[in-house]
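What follows is each chain in one-letter form.
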Amino acid sequence: MSQPALVARADLSPYRRAIVFSDLHGDDQGFCALLEETGFGPGDALVCVGDLLKKGDASLPLLRRVMTLARNGHVYAVAGNNDVLLPEWEQGLVSDEDVLQYMTAQPQTILREMARELGLGWADLAAVQALKDAIQAAFAPELAFLRALPHILETPQAVFVHAGLAPGPLTAQDRERCLTWKAFGTETHPFARRVVVGHWPACNYRTGIVSSDPYENEATGVLSIDGGNNLNRWGQINYLVIEGETLTAGRLDHYPKVQALADQAPSADPVALLFPRTLVEVRQAGPTESRCFLPALGRELTIPNDQLYRYKGRQYCASRTDYSLEVRAGDVLSCCALEPQGMLAIRQGVVGYYTGPYRPLD
């Protein structure tokens, strides 16, 4: 049975700036870096477009930091699909059995962080039921904050929602669709006001050359800002700065920085295999990597075996690219990983490989 979305309203124009972000996913360190990089101050507002929690190892510290800022005012947040488990469990919308299964399968969740802080386990149903009572007693402020999060924030500057909106009035929106709409940036319905969303990593909209920078559908007014932080191998934190009528985008990441010491030309016709088009067929298996056919692209690609996995009887791989970055000597790159084909790196939001010499900067 569908439930109506909760709509909140605010006006960001009295603030010097509004700093907008989404999908931090338990990254308290990244949030601190965001505040520092943007120079967040008393005259600014913060707008979180959902998914503070899960996937990272510091969901509880991040939640508490946001709550502290919220007590001083000027913080606006909407719920993401990863932010609603605790209130739904408290309200009986999620069963104890579901939570036991969830905590067993998910190594990085605020529930485990809370359990560790309380010195409690989650090995069986009785332990989870005891944990529920303890969480309700010990974390009442955190639960109240999450319970009160709206699903939509309407402002004169933009509408903010975690995953997506259906055509029609905001008061008629379905809660679940606001939280979980997939690939909303590809929808064709135009909106009268810009709609800022997270949830679906912006790189998943790209073909060919991969970028995690915000993706804007100019025909519909939808701006997707999820940078894949704590999710993709090349994830980053995207943010927007709204200052009067001006909107600018920025990015930051945690990866070590290196300086390229040689030029590198970009490769032509790159392959980008991005979720949800990551089905593969192994054509020639090797000890460390395999030659695979990519049905979504009609092409072949060599993929490390540790990035292949099976799901419901079918073979998939992690999102990947074979693009060689365009690099000039002296460029600063973010080093995501060192792999047999070179350094997987980010240069100005674009993802690819660099194979030349470099100098570590960190």
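Structural data are supplied above this passage.
Below you will find a few notes about this structure.

**Overview of helix α7 (residues 140-147)**
- Three or more residues of α7 are buried, namely E142, L143, F145 and L146. On an axial view of α7, the arc spanned by its buried residues comes to 160 degrees, and they lie on one face.
- Buried-residue contacts for α7 involve α2 (59-71), α3 (85-90), α5 (110-118) and α6 (125-138).

**Description of the packing of α2 against α7**
- The geometry of α2 relative to α7 is characterised by a closest axis approach of 11 Å and an angle of 75 degrees between their N-to-C directions. Taken together, α2 and α7 sit at an angle that is classed as roughly perpendicular. In this structure, α2 uses L60, L63, R64, V66, M67 and A70 to contact α7, whose residues at the interface are P141, E142, F145 and L146.
- A per-class count over the contact of α2 with α7 returns eight nonpolar, no polar and two charged.

**A short note on the nonpolar core**
- Counting residues in hydrophobic clusters, the biggest one holds 45 residues, and the most contacted among them are F21, F31, L52, L63, L86, L111 and I135.
- The dominant element in this core, judged by the number of residues it contributes, is α2, at five residues.
- Beyond its immediate stretch of four places on either side in the chain, F31 contacts F21, L24, L46, L62, R65, V66 and L69.
- Core analysis: the second largest hydrophobic core is formed by 17 residues, V47, V49, V78 and I225 among them.

**Section: the packing of aromatic side chains**
- Counting across every chain of the model gives eight aromatic pairs.
- Judged by centre distance (6.0 Å) and plane angle (55 degrees), the rings of F184 and F191 are tilted. No difference in accessibility class separates F184 from F191, as the two residues are buried.
- Through successive ring pairs, a cluster of aromatic residues spans W181, F184 and F191.

**Focus: empty space enclosed by the protein**
- For the coordinates displayed, the defined rule picks out two cavities of 30 Å³ or more.
- There is about 70 Å³ of room inside the largest cavity.
- Lining the largest cavity, in full, are L53, K54, N82, D83, L85, L86, P87, Y102, T109, I110, L111 and L146.
- Broken down by secondary-structure element, the contributors of at least two residues to the lining of the largest cavity are α3 and α5.
- Residue classes in the lining of the largest cavity are distributed as eight nonpolar, two polar and two charged.
- If you add up the space inside the second largest cavity, you get close to 40 Å³.
- Looking at the second largest cavity, the residues that line it are L86, W89, E90, K132, I135, Q136 and L143.
- Listed by contribution, the elements that provide at least two residues to the lining of the second largest cavity are α3 and α6.
- Its residues assigned to classes, the lining of the second largest cavity shows four nonpolar, one polar and two charged.

**Brief notes about the packing of α5 against α6**
- At a minimum axis separation of 11 Å, α5 and α6 run at an interaxial angle of 80 degrees. One way to sum up the angle between α5 and α6 is to call them roughly perpendicular. Here α5 contributes L111, M114, A115 and L118 to the contact with α6, which in turn contributes L131, A134, I135 and A138.
- A class-by-class count of the residues in the contact of α5 with α6 yields eight nonpolar, no polar and no charged.

**Brief notes about the sheet that holds strand β3 (residues 44-48)**
- Within the open sheet, the five strands sit side by side as β4-β3-β2-β11-β12. Their pairing is mixed. Only two strands of the sheet have a single neighbouring strand rather than two, namely β4 (75-77) and β12 (246-252). Averaged over all pairs of adjacent strands, the angle between their axes in this sheet comes to 20 degrees, without regard to strand direction.
- Looking at chain direction, β3 and β4 are connected through three bridges and run parallel. What sits directly across from V47, in β4, is Y76.

**What about the layout of surface pockets?**
- Its volume calculated, the largest pocket comes out at about 700 Å³.
- Going through the elements one at a time, β18 (308-311) and β19 (314-317) are the ones with two or more residues in the lining of the largest pocket.
- When its residues are assigned to classes, the lining of the largest pocket shows 11 nonpolar, nine polar and six charged.

Each value, and the rule that gives it
Residues numbered from 1 in each chain as written. Predicted model: local features only at pLDDT ≥ 70, side-chain atom pairs only at ≥ 80, totals over all residues. Heavy atoms only, no water. Buried < 20%, exposed > 50% of the residue type's maximum accessible area, 1.4 Å probe, protein only. Helix = DSSP H or I, 4+ residues; strand = E, 2+ residues; numbered from the N terminus. Arc of directions from axis to C-beta. Contact = heavy atoms within 4.5 Å. Axes fitted to C-alpha atoms, helices over the stretch in contact; angles between N-to-C directions. Parallel < 35°, antiparallel > 145°, perpendicular 65-115°, else oblique. Nonpolar A, V, L, I, M, F, W, Y, C, P; charged D, E, K, R; others polar. Core = buried A, V, L, I, M, F, W, Y, C linked by side-chain atoms within 4.5 Å. Phe/Tyr/Trp six-rings, centres within 6.5 Å; stacked < 30°, edge-to-face > 60°. 1 Å grid on protein atoms, 1.4 Å probe; cavity = no way out; pocket = protein on both sides within 12 Å on 5 of 7 lines; lining within 4 Å. Points joined across faces, edges and corners; volume = space filled by probe spheres on them. Pairing = 2+ DSSP bridges.

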